Amino acid sequence: MCISCTSGNSLQFWKVKVRINLRIGPGDSEALRRNIRGVWTGPKEELSRRAFGDSDLADAMVADLAEDYASEGELVDRLLLEKSFEKGPVLLAEGEAEVLLRACSAIRLALREGSLGEVPDEALEAGEADDWLTAPRMREAFACYLFFAGLQEHIIHGLDPAVHEGLNGLDDAGGDSDDGEEPAETE
Amino acid sequence: MKAAASETETLTREATAVETTPPWRVVVLNDPVNLMSYVVLVFKRVFGYPTVKARKHMLEVHRLGRSVVWTGPRERAELYVHQLHQWKLSAILESEGTD
């Protein structure tokens, strides 16, 4: 999979548009689609059940999340079916960019639990999973995993460039030190 | 007059009950998938936090495995947890009274 990219945002009249130039090679759209089949079947109910118990509220929350998944899947399917990333820059309205951003997370979470289930979390987090990618199917899934991470980074940069300031070089051992503030603040 | 006094007493008791209801905590749990920048953006969008505060909570999640990102009335806490789920973050509700 060949990826090259730039991103940014622009103001068209008063609306923010996110421009994503994340080029992939010919045919890569199909590989991406192949690897994300099944992601949109439904939300992870246990998250809502864990937070809200087995209640009517949890049922309503799950139904709401299912609608989100449907719209996220629709957008990703459209972009990949139209081979948008193979053709050139993709211009998204702010709301669409947010939907795509959430879709990328859903895809990556599903890949971690599915095709990349044997890869340790530490390796996934570091993006260094070569030792565990024993089959071509897994290598392709990992390439998709990285593609959607890259796509997220570019959308985030387009939506809010300030987010990336100060994040470079952060890891468990260093980066920002705690500033002595209380751990949580109440509104 | 007696009825009015009784009513006042009831209202006072109810008000006291509301005030003493323990607040609820919105807790975000670590996951190995979501990017640091993504988590910062989500905290900014959902809670309206400035970048520095959003980053502080993200780092707590990353390093300690969890962060209490908001504390307050239950209904609002439930709404925030649901919004975090919409953004695919692992979030749970905790009552301060359950410690």
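Residues numbered from 1 in each chain as written. Chains lettered and ligands numbered in written order. Predicted model: local features only at pLDDT ≥ 70, side-chain atom pairs only at ≥ 80, totals over all residues.

**Student:** Quick one: what's the story with the overall build of chain B, residue by residue and with numbers?
**Tutor:** The helix and strand inventory of chain B stands at four helices and three strands. Moving toward the C terminus, one meets the helices and strands of chain B in the order α-β-α-α-β-α-β. For chain B, restricting intrachain contacts to residue pairs at least 6 apart in sequence, the fraction spanning at least 24 positions comes to 68%. (Helix = DSSP H or I, 4+ residues; strand = E, 2+ residues; numbered from the N terminus. Contact = placed C-beta atoms within 7 Å.)

**Student:** Break down the overall build of chain A for me, citing the residues and quoting the values.
**Tutor:** The number of helices and strands found in chain A is seven helices and three strands. For chain A, the sequential pattern of α-helices and β-strands runs β-β-α-α-α-α-β-α-α-α. Taking all 187 residues of chain A together, 29% fall into the buried category. Contacts in chain A between residues at least 24 apart in sequence constitute 65% of all its contacts with a sequence separation of at least 6. (Buried ≥ 20, exposed ≤ 12 C-beta atoms within 10 Å, placed from the backbone.)

**Student:** I'd love a proper account of the confidence of the model for chain B, names of residues and values included.
**Tutor:** Averaged over all residues, the pLDDT of chain B is 87; the fraction at 70 or higher stands at 77%. What the predictor reports for the complex is a pTM of 0.81 with an ipTM of 0.81. (pLDDT = per-residue confidence, 0-100.)

**Student:** Account for the interface of chain B and chain A, naming residues and giving values.
**Tutor:** Taken together, the contact between chain B and chain A spans 32 residues of the former and 37 residues of the latter. Classifying every residue of the side of chain B that touches chain A gives 16 nonpolar, nine polar and seven charged. (Nonpolar A, V, L, I, M, F, W, Y, C, P; charged D, E, K, R; others polar.)

**Student:** So what about the packing of helix α2 (residues 45–52) of chain A against helix α3 (residues 56–81) of chain A? Which residues, and what values?
**Tutor:** Each packed pair of helices is defined by two parameters, the angle between the axes and the distance between the axes. Residue and element names in this part refer to chain A. Direction vectors running N to C along α2 and α3 enclose 150°, while the axes themselves pass 9 Å from each other. Here α2 lies roughly antiparallel to α3, going by the angle between them. Judged by the twist between their axes, the crossing of α2 over α3 is right-handed. Side by side, α2 and α3 meet where E45, S48, R49 and F52 of the first sit next to L57, A58, M61, V62 and L65 of the second. (Axes fitted to C-alpha atoms, helices over the stretch in contact; angles between N-to-C directions. Parallel < 35°, antiparallel > 145°, perpendicular 65-115°, else oblique. Left-handed = near helix turned anticlockwise from the far one by under 90°.)

**Student:** Let's hear about unusual backbone geometry: which residues, and what values?
**Tutor:** A positive phi angle is found at A:K83, which is not glycine, with a value near 55°. By the element assignment, A:K83 lies in the loop between α3 and α4 (84–87). You can call A:K83 partly exposed: it has 14 C-beta atoms within 10 Å. Positive phi, close to 70°, is recorded for B:K88, a residue that is not glycine. Within the secondary structure, B:K88 sits in the loop between α4 (74–86) and β3 (90–95).

**Student:** Which residues make up the nonpolar core, and what values go with them?
**Tutor:** A:I155, B:V42 and B:L84 are the most contacted members of the largest nonpolar core, which has 65 residues in total. The greatest single-element share of this core, amounting to ten residues, is contributed by helix α7 (residues 136–159) of chain A. When residues no more than four places from it in sequence are discounted, the contact partners of B:L84 are B:V28, B:V42, B:V46, B:L89 and B:A91. (Core = buried A, V, L, I, M, F, W, Y, C linked by C-beta atoms within 7 Å.)

**Student:** Break down the packing of α3(A) against helix α5 (residues 94–113) of chain A for me, with residues and values.
**Tutor:** All names here are of chain A. Orientation of α3 relative to α5, taken along the N-to-C sense of each, is 100°, at an axis distance of 9 Å. Here α3 lies roughly perpendicular to α5, going by the angle between them. Mapping the contact onto sequence places Y69, S71, E72, L75 and V76 in α3 and E96, V99, L100, R102, A103 and A106 in α5. Taken together, the residues that form the contact of α3 with α5 break down as seven nonpolar, one polar and three charged.

**Student:** A description of the environment of A:L22 should follow, citing residues and the corresponding values.
**Tutor:** If you trace the backbone, A:L22 turns up in strand β2 (residues 15–24). A sequence separation of 123 residues divides A:L22 from A:Y145, and the C-alpha atoms of the two residues are 14 Å apart.

**Student:** With reference to specific residues and values, describe the pairing of strand β1 (residues 24–29) of chain B.
**Tutor:** All names here are of chain B. For β1, the tally of buried residues reaches five of six residues, placing the bulk of the element in the interior. Summarising the sheet, β1 and strand β2 (residues 66–72) pair through six bridges and their orientation is antiparallel. Across the sheet, residue V28 finds its bridge partner in β2, namely S67. Of the strand pairs in this sheet, β1 and β3 are connected by six bridges, and their pairing is antiparallel. Of the residues in β3, the one forming a bridge with R25 is E94. (Pairing = 2+ DSSP bridges.)

**Student:** I'd like to hear about helix α1 (residues 28–35) of chain A, residue by residue, with values.
**Tutor:** Buried within α1(A) are the following residues: A:D28, A:L32 and A:N35. Buried residues along α1(A) cover an arc of 65° about the axis, so they all sit on one side. (Arc of directions from axis to C-beta.)

**Student:** Before we move on, can you summarise the sheet that holds β1(B) with the specific residues and values?
**Tutor:** Residues and elements named next belong to chain B. The strand order β2-β1-β3 describes an open sheet built from three strands, whose pairing is antiparallel. On the outer flanks of this sheet lie β2 and β3, each paired with one strand and no other. Ignoring which end each strand starts from, the neighbouring axes of this sheet average 25° apart. Sheet contacts for helix α3 (residues 51–64): β1 and β2; angle to β2, the most-contacted strand, approximately 135°.

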